[in-house]
Amino acid sequence: MTPPLNTSRKRFGAFSKEGAAPSHPSASGKATSPSRRGYWRRYRAWLDPQLGAVAAVFGLALFGIVVDMVWPLVSAHLIDHVILSRELSVSQKLGQLGGFALGMGGLLLFGTGMSWLRALRLQLLNSRLAFQLRAALFHRVLRLPMSELTEMKTGGILSRLSSDVDSTTGLLQQALLSPVLATLRLIVTLGIIFTLNWRIAGAVILIMPPILLAQNLWARRIRRIWKSMGQDRQEIDARVSEGLSGVRIVRGFGREQREELAYTLGHHTVIRKQMLATRTQRSMALIWELILPLGQVTIVAFGGYLVVKGQATIGILTAFQGYMWRLMEPLMQLSSSISETQRGLAAAERVFDVLDKPQEKPDPPDAQPAPERVTELRFDHVSFAS
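Residues numbered from 1 in each chain as written. Predicted model: local features only at pLDDT ≥ 70, side-chain atom pairs only at ≥ 80, totals over all residues. Heavy atoms only, no water.

## Thoughts on the nonpolar core
Of all hydrophobic cores here, the largest spans 29 residues; its most connected members are L137 and L172. Listed by contribution, the elements that provide at least two residues to this core are α2 (29-47), α3 (51-83), α4 (90-141), α5 (146-169), α6 (171-196) and α11 (314-355). Examining the composition of this core, we find that seven residues originate from one element, α4, more than from any other. With 26 residues, the next largest nonpolar core counts A61, I192, I299 and L327 among its residues. (Core = buried A, V, L, I, M, F, W, Y, C linked by side-chain atoms within 4.5 Å. Buried < 20%, exposed > 50% of the residue type's maximum accessible area, 1.4 Å probe, protein only. Helix = DSSP H or I, 4+ residues; strand = E, 2+ residues; numbered from the N terminus.)

See below:
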């Protein structure tokens, strides 16, 4: 006989054992991958009407990447060919420094304006997509069979209309824009640093494979945790909603303490799972926090050795210091996107699961729309019992 799960520790232990147990063949990744691909196809179809707005946001982000890549190259040129140049006079050096400073200042100011515009366009796009999804979900909920509504409960419906829709809409940023832009930024950065000095670039690249390996190992655990937390919150919201709507019954039968205990138990279970998700994410973050200083040390030590040997310049070494962060930032964005995408996919499953439910009494294919006004009713071949 299975012992009752009457404490958050027991509930969390059961959740952990379930995750550690080997999955049934029918529940393996091969069996569920078609449904995940189906969710992606539906999400893409949902985005199709907004492709123009998505392209505009993507173009503004590309411009920001180009602007961000210019400054380290300019700094390398200024150090090697202006500040340390023996052929230029002091006045010529000051003139070129002033000209480059004004040009870069204007370019960075313009890039900041484009970034501000991109943020506004992205927020507007997210708002439109969230409203469309909420409207479609609410339309489906109003037409579900009563048995389905009773099973979902009020809290489950509200959680899907609020937090789940927001997480599903966030897939646009976390699963589409952010990974694509981060990948492009990573490719451009790699191309630049290998052009500047392939020896230093090769030494820096050696630290990347361990990051990607650890990232893939931990990312698989995140989605299951987020999905389970969403289900727990749904149950908590449903119980609170039912308790408040029937508060007179709760008081009449003296069940206040029992409702408080159930509320506390549910939240404590969510907190334990939240801590598990946080530990997993922080383990990934610790790797990034360790890799960045190691990369800086590699650039200074090995790059300094190449400068002493005459195979690199101080300007290139300075540029590598700037590109080190530009190399790690897209990798960190990809890591964060994987985690947030798992959370969004878990929410999308819950949203699309409701949208896929059949209506209670759907109209037949040949149904005609009802007239706006009814002026006459006719009884044809109708008899009344006397």
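So much for the structure itself; the text now carries on.
## A word on the packing of aromatic side chains
Using the criterion set out here, one finds two aromatic pairs in the structure. Between the aromatic rings of F63 and F110, the centroid separation amounts to 5.3 Å while the plane-to-plane angle is 85°, which identifies the pairing as edge-to-face. A residue pair is termed long-range when its members are at least 10 positions apart, and F63 in helix α3 and F110 in helix α4 qualify at 47 residues. Note on F110: relative accessible area 45%, which makes it partly exposed. Each ring, one from F302 and one from Y305, has its centre 6.4 Å from the other, and the planes form 25°; the classification is stacked. One end of the pair is F302 and the other is Y305, both in helix α10 (residues 256-308) and three residues apart, which spans about a single turn. Judged by relative accessible area, which is 46%, Y305 ranks as partly exposed. (Phe/Tyr/Trp six-rings, centres within 6.5 Å; stacked < 30°, edge-to-face > 60°.)

## Comments concerning the pattern of salt bridges
Per the counting criterion, the structure on display carries eight salt bridges. Here D166 ties to R134 by a salt bridge, and the two come within 2.7 Å at their closest N and O atoms. Here R134 lies in helix α4 and D166 lies in helix α5, a separation of 32 residues in the sequence. For D166, a relative accessible area of 44% translates into the label partly exposed. Looking at R134, the relative accessible area reads 27%, which means it is partly exposed. Here D164 and R350 are joined by a salt bridge, their closest N and O atoms 2.6 Å apart. Within this pair, whereas D164 is found in helix α5, its partner R350 is found in helix α11, the two being separated by 186 residues in sequence. (Salt bridge = Lys/Arg side-chain N within 4 Å of Asp/Glu carboxyl O.)

## A word on the side chain of D232
Here D232 is to be found in helix α8 (residues 208-245). Of the polar contacts made by the side chain of D232, one reaches the side chain of K273; its length is 2.6 Å. Apart from the residues lying within four places of it in its own chain, the contact partners of D232 are T269, V270 and K273. (Polar contact = N/O pair within 3.5 Å; in protein donor to acceptor, adjacent residues only side chain to side chain. Contact = heavy atoms within 4.5 Å.)

## Overview of helix α7 (residues 198-205)
Since the α-helix advances by 3.6 residues per turn, residues separated by three or four positions end up pointing in the same direction. Within α7 the residues assigned to the buried category are I200, A201, A203 and V204. Buried residues of α7, viewed axially, fall in a sector of 160°; they line one side. Where α7 starts, the residue carrying a side-chain oxygen 3.0 Å from the main-chain nitrogen of R199 turns out to be N197. (Arc of directions from axis to C-beta.)

## Observations concerning the layout of surface pockets
Its boundaries defined by the atoms lining it, the second largest pocket holds a volume of some 450 Å³. Elements supplying a minimum of two residues to the lining of the second largest pocket: α3, α4, α6 and α11. For the lining of the second largest pocket, the class distribution of residues is 10 nonpolar, seven polar and four charged. (1 Å grid on protein atoms, 1.4 Å probe; cavity = no way out; pocket = protein on both sides within 12 Å on 5 of 7 lines; lining within 4 Å. Points joined across faces, edges and corners; volume = space filled by probe spheres on them. Nonpolar A, V, L, I, M, F, W, Y, C, P; charged D, E, K, R; others polar.)

## Considerations on empty space enclosed by the protein
The full count for this structure, using the stated rule, is two cavities of 30 Å³ or more. Elements that contribute at least two residues to the lining of the largest cavity include exactly α6 and α11. Among the elements that make up the lining of the largest cavity, the one with the highest residue count is α11 (four residues).

## Notes on the confidence of the model for the protein chain
Should the pLDDT be low somewhere, the predicted coordinates at that spot are not to be read in detail. In this model, the protein chain carries an average pLDDT of 81, and 87% of its residues clear a pLDDT of 70 or more. Per-residue pLDDT stays below 50 along residues 20-34; that stretch engages in four contacts with residues further than four places along the chain or on separate chains. (pLDDT = per-residue confidence, 0-100.)

## A short note on a nonpolar patch on the surface
On the surface, a nonpolar cluster with roughly 640 Å² of combined accessible area is contributed by V374, L377, F379, V382 and F384. Considering the arrangement of structural elements, one finds V374 in the segment after α11. (Patch = residues over 30% accessible without salt bridge, like charges linked within 9 Å, V, L, I, M, F, W, Y side chains within 5 Å. Areas by Shrake-Rupley, 256 points an atom, 1.4 Å probe, with all protein chains shown as cover.)

## Re the side chain of R326
Looking at where R326 falls in the secondary structure, it is placed in helix α11. Only 2.8 Å separates the side chain of R326 from the backbone oxygen of G322, close enough to count as a polar contact. Ignoring sequence-local partners within four residues, the contact set of R326 consists of D68, M69, P72, R185 and T189.

## Notes on unusual backbone geometry
Phi at H381 takes a positive value of approximately 60°, unusual for a residue other than glycine. Topologically, H381 is positioned in the segment after α11. Exposure remark for H381: the relative accessible area of 79% places this residue in the exposed category.

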